[in-house]
There are 2 protein chains.
Amino acid sequence: MSGSVKRNAYAAILAGGSGTRMGNSEKPKQFLMLGSKPVLVHTVEKFCLAGSFDEVIVLCPEAWLRQTRDLLRKYSPAFADEVTVIAGGATRNDTVMAAVRYVEGRCESVADAVLVTHDAVRPFVSQRIIEENIEAARAHGACDTVFPATDTIVESRDAGTISAIPNRSVLYQGQTPQSFNLAKLKELMLGLTEDEKSILTDACKIFVLRGEKVALVRGDSSNMKITYPQDMRLASALLEG
Amino acid sequence: MSGSVKRNAYAAILAGGSGTRMGNSEKPKQFLMLGSKPVLVHTVEKFCLAGSFDEVIVLCPEAWLRQTRDLLRKYSPAFADEVTVIAGGATRNDTVMAAVRYVEGRCESVADAVLVTHDAVRPFVSQRIIEENIEAARAHGACDTVFPATDTIVESRDAGTISAIPNRSVLYQGQTPQSFNLAKLKELMLGLTEDEKSILTDACKIFVLRGEKVALVRGDSSNMKITYPQDMRLASALLEG
């Protein structure tokens, strides 16, 4: 941890998910209560506590802007003033681009600004992971947080039979943060064709597609994503330690 | 469920793991208590309850044979007589081969016997999954239980930078059971070269390598593998429903 040193680094918390995989719950997952606070508030506080960011930005659907701001004020009054809530886009890439545009208008130097993007529904990200993301994005231009694959991964091109079982030792589960040099990210995103945009669900994939280096940051098994209802039970257990 | 109809089908519960990923716990994970019974007992009971197997076989390290038999008698007296506990091998493939050899000596017809292999540490397998495994192995010669990949999967050939991010829509997380026509499985396993054996950590992969069809059976997110300490917390939550 680096206290309150600012480093031309910006955190973008991506809270755009509609939460359609959470069963009956109509609330986006980031608003579900985890212990005494909504999931999103836990996540945002991790980035505020890092003390390494010029600004922490939360990107959520337009319709949830007010509720998101209210929640942050209610559950995290000490940090609410450090956090900016803005509208994301229709897709994850659009939301990342909205963060790029916002930071562009705020930072002193686009050329060496770092943008750390993180899923709002991964509240257990550690300070080590955040710090290593800033450092790796600064040193290499891009990095992804990953954890060695624990499951065997099976490929099926027809959804009925196995087409391949790749060697697990070279496979990792992608987590977040994913972090980037701001200028490089913007350049690559603006250079995408429409066809490329449709297959690029992941900002790191844009770098890979263009032959740019993406460094790995070691994630953590506890840096879980809250996707399914049973994930909230695991998250509660993790919170209690 | 098919009551007590026997179908020349055998279940092999693979309990060979040494549990080195469970932190301080020295007990193999299958012996950890989950609610009122060890993990292994939950798993074995699922296969006994199916009523579809001529025999349920548990394969464990030689050193744990007595304890495994004692646990089954203590925690599952109603089923203990239906279950046979035998020693597995040094590797997962050796353990599967030990099951093949055992069943060969017991079944009436090797040509159409089905072997359903399952991780001892996946106690939440459902009756649907078990039934569909028997049917798919009977119909297609081999099947694997899989669930659509929820994480982005990242490939790194040098463990330092990303080499590829495959399209997630064709990727699945391998679960178990994996089920096979016994004669076909034996033939393919005996035909492996030493080099092939060293890369084949997974019996389905042997079929894929030889161009044989492996059908997919839809798994379940609750059919989790207990690998890490925090997995026991999720398992307890799932048990309580």
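Residues numbered from 1 in each chain as written. Chains lettered and ligands numbered in written order. Predicted model: local features only at pLDDT ≥ 70, side-chain atom pairs only at ≥ 80, totals over all residues. Heavy atoms only, no water.

(A) Just the overall build of chain A, in detail. When helices and strands are tallied, chain A shows eight helices and ten strands. Its C-alpha atoms give chain A a radius of gyration of 18 Å, within 12% of the compact-globule value 18 Å for 241 residues. Taken over the C-alpha atoms alone, chain A extends approximately 55 × 45 × 35 Å along its principal axes. Approximately 10100 Å² of chain A is accessible, and the part contributed by carbon and sulfur atoms is 49%. Seen as two clouds, the 28 positive and the 29 negative side-chain charges of chain A have centres 2 Å apart. (Helix = DSSP H or I, 4+ residues; strand = E, 2+ residues; numbered from the N terminus. Rg over C-alpha atoms; globule rule 2.2 N^0.38 Å. Areas by Shrake-Rupley, 256 points an atom, 1.4 Å probe, with all protein chains shown as cover. Lys, Arg positive; Asp, Glu negative; His and termini not counted. Charge placed at Lys NZ, Arg CZ, Asp CG, Glu CD.)

(B) Focus on the interface of chain B and chain A. Taken residue by residue, the interface counts 44 residues in chain B and 44 residues in chain A. Summed over both partners, the interface of chain B with chain A buries about 3700 Å², with 60% contributed by carbon and sulfur atoms. Counting across the chain B and chain A interface gives zero salt bridges. Taken together, the connections running from chain B to chain A amount to 13 residue pairs in polar contact (both at pLDDT 80 or more). Element by element, the count of residues in the side of chain B that touches chain A is highest for helix α8 (residues 229-240) of chain B, at five residues. The class makeup of the residues in the side of chain B that touches chain A is 21 nonpolar, 13 polar and ten charged. One ladder, built from three bridges, connects strand β9 (residues 171-181) of chain A with strand β8 (residues 153-155) of chain B; its direction is antiparallel. Paired with Tyr172 of chain A across the strands is Val154 of chain B, a residue of β8 of chain B. (Contact = heavy atoms within 4.5 Å. Buried area = accessible area lost by both parts, 1.4 Å probe. Salt bridge = Lys/Arg side-chain N within 4 Å of Asp/Glu carboxyl O. Polar contact = N/O pair within 3.5 Å; in protein donor to acceptor, adjacent residues only side chain to side chain. Nonpolar A, V, L, I, M, F, W, Y, C, P; charged D, E, K, R; others polar. Pairing = 2+ DSSP bridges.)

(C) A look at the packing of aromatic side chains. Residue and element names in this part refer to chain A. Within the structure shown, the criterion is met by six aromatic pairs over all chains. Between Phe31 and Trp64, the ring centres sit 4.9 Å apart and the planes meet at 35°, which makes this aromatic pair tilted. You can see Phe31 sitting in the loop between β1 (9-14) and β2 (33-34) and its partner Trp64 sitting in the loop between β4 (55-60) and α2 (65-75), a full 33 residues away along the chain. Accessibility expressed as a relative area gives 24% for Trp64, which makes it partly exposed. (Phe/Tyr/Trp six-rings, centres within 6.5 Å; stacked < 30°, edge-to-face > 60°. Buried < 20%, exposed > 50% of the residue type's maximum accessible area, 1.4 Å probe, protein only.)

(D) Main features of the pairing of β1 of chain A. Residue and element names in this part refer to chain A. Among the six residues in β1, six count as buried, and that is most of the element. Side chains of β1 alternate between two faces, with Ala9, Ala11 and Ile13 and Tyr10, Ala12 and Leu14 buried alike. Bridge analysis of β1 against strand β6 (residues 114-119) gives six bridges, and the strand direction is parallel. In the sheet register, Leu14 faces β6, and the bridge partner there is Asp119. The pairing of β1 with β4 spans five bridges and is parallel. Pairing of Ala11 across the sheet is with Val56, part of β4.

(E) Just the pairing of strand β7 (residues 142-148) of chain B, in detail. Residues and elements named next belong to chain B. β7 sits mainly inside the fold: six of its seven residues count as buried. Here β7 pairs with strand β9 (residues 171-181) via six bridges, running antiparallel. Opposite Val146, over in β9, you have Gly174 as the bridge partner. Bridge analysis of β7 against strand β10 (residues 215-218) gives four bridges, and the strand direction is parallel. In the strand pairing of β10, Thr145 is matched with Val217.

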